[in-house]
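# Structural overview for review
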Amino acid sequence: MTKGNINVSVENIFPLIKKFLYSDHEIFLRELISNATDATLKLKHLTNIGEANVDYGTPQIEVKIDKEGKKLHIIDQGIGMTGEEVEKYINQVAFSGAEEFLEKYKDSAKDAGIIGHFGLGFYSAFMVAEKVEIITKSYKDEPAVRWICDGSPEYSIEETDKATRGTEIILHIAEDSTEFLEESRIRELLLKYNKFMPVPIKFGTKTETLPLPEDAAEDAKPETKEVDNIINNPTPAWTKAPSELKDEDYKNFYRELYPMQFEDPLFHIHLNVDYPFNLTGILFFPKLGNNLNIEKDKIQLYQNQVFVTDEVKGIVPDFLMLLRGVIDSPDIPLNVSRSYLQADGAVKKISSYITKKVGDKMASLINENREDFEKKWNDIKIVIEYGMISEDKFYDKSDKFALYPNVDGKYFLWSELEEKIKANQTDKDGNLVILYASDEHDQHSYVQAAKDKGYEVLLLDSPIVPHLIQKLEGSKEKIQFARVDADHINNLIRKDEPVISKLNEEEKETLKKTVEEGISDAKFTVQLEDLDSSDAPFIITQPEFMRRMKDM
Ligand code: ADP
Ligand code: MG
């Protein structure tokens, strides 16, 4: 028997990377900025633990377009690389220096926010560049080096002059990728992927107007000066402790996240776990009403402050897609496809954690301020009802916070509702009958009739109510929903017998017949009402199951 190593040559791998590794060519910039960020955070860590003796200063990352030279530069002031390290980290495809770093500084560096993982990110540069240069100087006292590669397995490396610490990556943009020499395109990418990354990113300069001195003459013109244009916020709200933030800070962050949203969110949920996985984030409940669609401004997934995706279908439970906000976890893989994300175990755990957290938050909100919760119910009910239908874990908690409003705007928890109607609204089999209207206006006379009989009538008007009812009936014992215009209402056992109608039996029969003749559909029942107390002299009902068949 012989054993050997399969020899994967770079020659074979390059075209593969170019074609298949990333579905989106644009992510090369995210990868290179992630590396620059890692390099900066590594240096920060080494200075913190006393292993690097350098002036850390206030490092930033710069992105620069050289349109004429057809080049894109990404410059950092991080850890840099020695010649040996370039050979080791760059020339070995799929060897991750980030992983090696985390392994080496296991105990101290786990919270350093290092992004890299698979050792493939750097090569994404070849998706858009025909030639890539690295000019780098390590924080260790060693000569700077220059590495060049044109995408073939051959590269060259030589000593060079570079006075300052850090790395400059120069992409010689390929003919088919010149869009990445456009300022607007690069700005768009920076704002999409890097808006909340932890190291300041400079992209050009901007003019800043200086405030006028107090003793300035009335016609004095304010002075202006050119300052660095920093495109990101390195410390977004979700990276801070909830105790550091006021309500206003959450609202400001919401606006920062969704600049085109002018309406304030109703609630926020600050997520913060470090066991059994790391996760931070902030979720917002927007004002939804009966709207089940959020097409834009969706939940965003981040990994260590790097944007991963906002296509979260299949990744987070459907009902959470109605919320907005960010979820950030180092366990969310960066470099992979959606189908991988959907199947990933860590991602699944994250999503069930969030479901639980949203349930807990709802329970605590209603306990803290029931009145406020009731006021907002109409705008959040769709999320909660959707969650109850689709996630069993959420449903199991929902008795603590799901509200059932009646037609007069009074809100019941399930237990309160049961208590209220158990004496008066049972059928002959002993089931509790929960009467509801789905449209108060259309069903007004039925509502009135039921109220006159002392029944409680709920107003359940969201578009998913038929499913919610099915879920409740399927899981709670001995209950039965009936829309107020269904014939169930006749079968209710009532405590008080109705007042005798003013009509005599004969008159009643005639009236009933007349009305019945007027209705061609035999599936309806005509029921005469007490003329004194009802708006309507008679009501026409339909079996509940018939109506549901039409609704579903
Ligand atoms: P990963 O980031 O997953 O480790 P990459 O392919 O993105 O893999 O990068 C490979 C390695 O090259 C990095 O881990 C790091 O050691 C080194 N490297 C890349 N870019 C830089 C940089 N700007 N400064 C210092 N080292 C870098
Ligand atoms: Mg990387």
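This structure is a prediction, so every number in the text was calculated from the model and none was measured. (Residues numbered from 1 in each chain as written. Chains lettered and ligands numbered in written order. Predicted model: local features only at pLDDT ≥ 70, side-chain atom pairs only at ≥ 80, totals over all residues.)

### Let's talk about the overall build of the protein chain
Cut-off, in case you're wondering: Runs of H or I in DSSP of at least four residues are treated as helices and runs of E of at least two as strands, each being numbered from the N terminus. Residues are treated as contacting if the C-beta atoms built from their backbones sit within 7 Å of each other.
Counting secondary structure elements, the protein chain contains 17 helices and 20 strands. At a minimum sequence separation of 6, the contacts of the protein chain that also span at least 24 residues come to 67%.

### Observations concerning the packing of helix 10 (residues 370–390) against helix 14 (residues 465–475)
To keep things clear, this is the line we draw: Each axis is a line fitted through C-alpha atoms, taken for helices only over the stretch in contact, and angles between the N-to-C directions span 0 to 180 degrees. If an angle is under 35 degrees, it is roughly parallel; if it is over 145, roughly antiparallel; if it lies from 65 to 115, roughly perpendicular; otherwise it is oblique. In this scheme the crossing of two helices becomes right-handed for a clockwise turn of the near helix relative to the far one and left-handed for an anticlockwise turn of less than a right angle. Residues are grouped as follows: Ala, Val, Leu, Ile, Met, Phe, Trp, Tyr, Cys and Pro are nonpolar; Asp, Glu, Lys and Arg are charged; all remaining types, including Gly, are polar.
Closest axis-to-axis distance for the helix 10/helix 14 pair is 9 Å, and the angle between their directions is 45°. The pairing of helix 10 with helix 14 is recorded here as oblique in orientation. Crossing hand, helix 10 versus helix 14: left-handed. Side by side, helix 10 and helix 14 meet where Glu 385, Met 388 and Ile 389 of the first sit next to His 467, Leu 468 and Lys 471 of the second. Split into classes, the residues belonging to the contact of helix 10 with helix 14 amount to three nonpolar, one polar and two charged.

### As for the nonpolar core
Rule in force here: A set of buried Ala, Val, Leu, Ile, Met, Phe, Trp, Tyr and Cys residues, joined to one another through C-beta atoms within 7 Å, is what we call a nonpolar core. Between the buried cut of 20 or more and the exposed cut of 12 or fewer other C-beta atoms within 10 Å of a residue's own C-beta lies the partly exposed class, and all C-beta atoms are placed from the backbone.
Within the largest apolar cluster, 120 residues are counted, with the highest numbers of intra-cluster contacts made by Ala 125, Ile 282, Leu 435 and Val 457. Here this core gets 10 residues from one element, more than from any other, and that element is helix 2 (residues 27–48). Ignoring sequence-local partners within four residues, the contact set of Val 457 consists of Asn 406, Val 407, Leu 435, Tyr 436, Ala 437, Val 447, Ala 450, Lys 451 and Val 484.

### Points about helix 4 (residues 97–104)
As a reminder, the rule being used: Taking the helix axis as origin, the arc is that swept by the directions to the C-beta atoms.
Buried within helix 4 are the following residues: Gly 97, Ala 98 and Phe 101. Take helix 4 and look down its axis: the buried residues cluster within an arc of 105°, on one side only.

### Thoughts on the sheet that holds strand 1 (residues 61–66)
Stated formally: Two strands pair if DSSP finds at least two bridges between them.
If you walk across this open sheet you meet the eight strands as 5-4-3-6-2-1-7-8, and the pairing is mixed. Since the sheet does not close on itself, it has two edges, and those belong to strand 5 (155–160) and strand 8 (224–230), each with one partner. Pairwise comparison of adjacent strand axes, ignoring direction, gives a mean angle of 25° for this sheet. Of the pairings in the sheet, the one linking strand 4 (residues 144–149) to strand 5 comprises six bridges and is antiparallel in character. Counted as the bridge partner of Ile 148 is Ser 156 from strand 5. In the packing of helix 6 (residues 183–193) onto the sheet, contacts are made with strand 1 and strand 7 (201–209), and the angle to strand 1 comes to roughly 155°.

### Observations regarding the confidence of the model for the protein chain
Just so we agree on the cut-off: Here pLDDT means the predictor's own confidence in every residue, given as a number from 0 to 100.
Taken over all residues, the pLDDT of the protein chain has a mean of 85, while the share at 70 or more is 81%. Considering only residues more than four positions removed or in separate chains, one finds that residues 495–501, a stretch of pLDDT under 50, has nine contacts. Across the interface, the model reports ipTM at 0.99; the global pTM reads 0.80.

### Concerning the site of ligand 1
Where we set the bar: Contact assignment follows one rule, namely that a residue is near a molecule or strand if its backbone-placed C-beta atom lies within 6 Å of it.
As a matter of local geometry, ligand 1 sits amid 23 residues, with Asn 35, Ala 39, Gly 97, Gly 116 and Gly 121 nearest to it. Put simply, the parts of the chain that give the shell around ligand 1 at least two residues each are helix 2, helix 3 (83–90) and helix 4. When residues of the shell around ligand 1 are assigned to their parent elements, the largest contribution, five residues, is made by helix 2. Considered class by class, the residues forming the shell around ligand 1 number 10 nonpolar, 10 polar and three charged.

### Topic: the environment of Asp 360
Along the polypeptide, Asp 360 turns up in helix 9 (residues 345–368). Residue Asp 360 is classed as partly exposed on the basis of its 14 C-beta neighbours within 10 Å. A C-alpha to C-alpha distance of 8.0 Å links Asp 360 and Lys 397, two positions 37 residues apart in sequence.

### What about the sheet that holds strand 16 (residues 432–437)?
Sheet strands line up and pair through hydrogen bonds in the backbone, either parallel or antiparallel. Taken together, the three strands give an open sheet; going across it, the order is 17-16-18, and neighbouring strands pair in parallel fashion. Only two strands of the sheet have a single partner each, and these edge strands are strand 17 (457–459) and strand 18 (479–483). Between one strand axis and the next, the sheet turns through 40° on average, direction left out of account. Here three bridges tie strand 16 to strand 17, and the two strands are oriented parallel to one another. Paired with Ala 437 across the bridge in strand 17 is Leu 459.

### Topic: the environment of Phe 412
Inspection of the secondary structure puts Phe 412 in strand 15 (residues 411–412). With 18 C-beta atoms counted inside 10 Å, the residue Phe 412 sits in the partly exposed group. Placed 261 residues apart in sequence, Phe 412 and Gly 151 show a C-alpha to C-alpha distance of 67 Å. The contacts of Phe 412, once residues within four sequence positions are left out, are Leu 403, Tyr 404, Leu 417 and Lys 420.

### Description of the pairing of strand 11 (residues 300–303)
Burial along strand 11 is two-sided: the residues Gln 300 and Tyr 302 and Leu 301 and Gln 303 are all buried. Alignment of strand 11 against strand 13 (residues 324–328), held across three bridges, turns out to be parallel. Each residue of the ladder has a partner; that of Leu 301, found in strand 13, is Ile 327. Where strand 11 meets strand 12 (residues 306–309), three bridges bridge the pair, whose relative direction is antiparallel. Bridge assignment links Leu 301 to a residue of strand 12, and that residue is Thr 309. From the end of strand 11 to the start of strand 12, which pair antiparallel, there are two residues, and Asn 304 there has a positive phi angle of about 45°.

### Observations concerning helix 7 (residues 247–257)
Three or more residues of helix 7 are buried, namely Tyr 250, Phe 253, Tyr 254 and Leu 257. Buried residues of helix 7, seen end-on, are gathered within an arc of 105° and therefore sit on one face of the element. In this fold, the buried residues of helix 7 make contact with strand 9 (267–273), strand 10 (279–285) and strand 13.

### Points about unusual backbone geometry
Outside of glycine, negative phi angles account for most residues, and trans bonds account for most peptide bonds. Phi angles above zero are rare outside glycine, and Lys 70 is one such case at about 55°. By the element assignment, Lys 70 lies in the loop between strand 1 and strand 2 (71–75). Lys 70 gets classed as partly exposed once you count the C-beta atoms within 10 Å, which come to 18. Of note, Gln 305 is a non-glycine position whose phi angle comes to about 70°, a positive value. Structurally, Gln 305 is set in the loop between strand 11 and strand 12.

### Some remarks on the pairing of strand 9
Inspection of the sheet shows strand 9 paired to strand 10 by seven bridges, in the antiparallel sense. Paired with His 270 across the strands is Ile 282, a residue of strand 10. Count of turn residues in the strand 9/strand 10 antiparallel hairpin: five residues.

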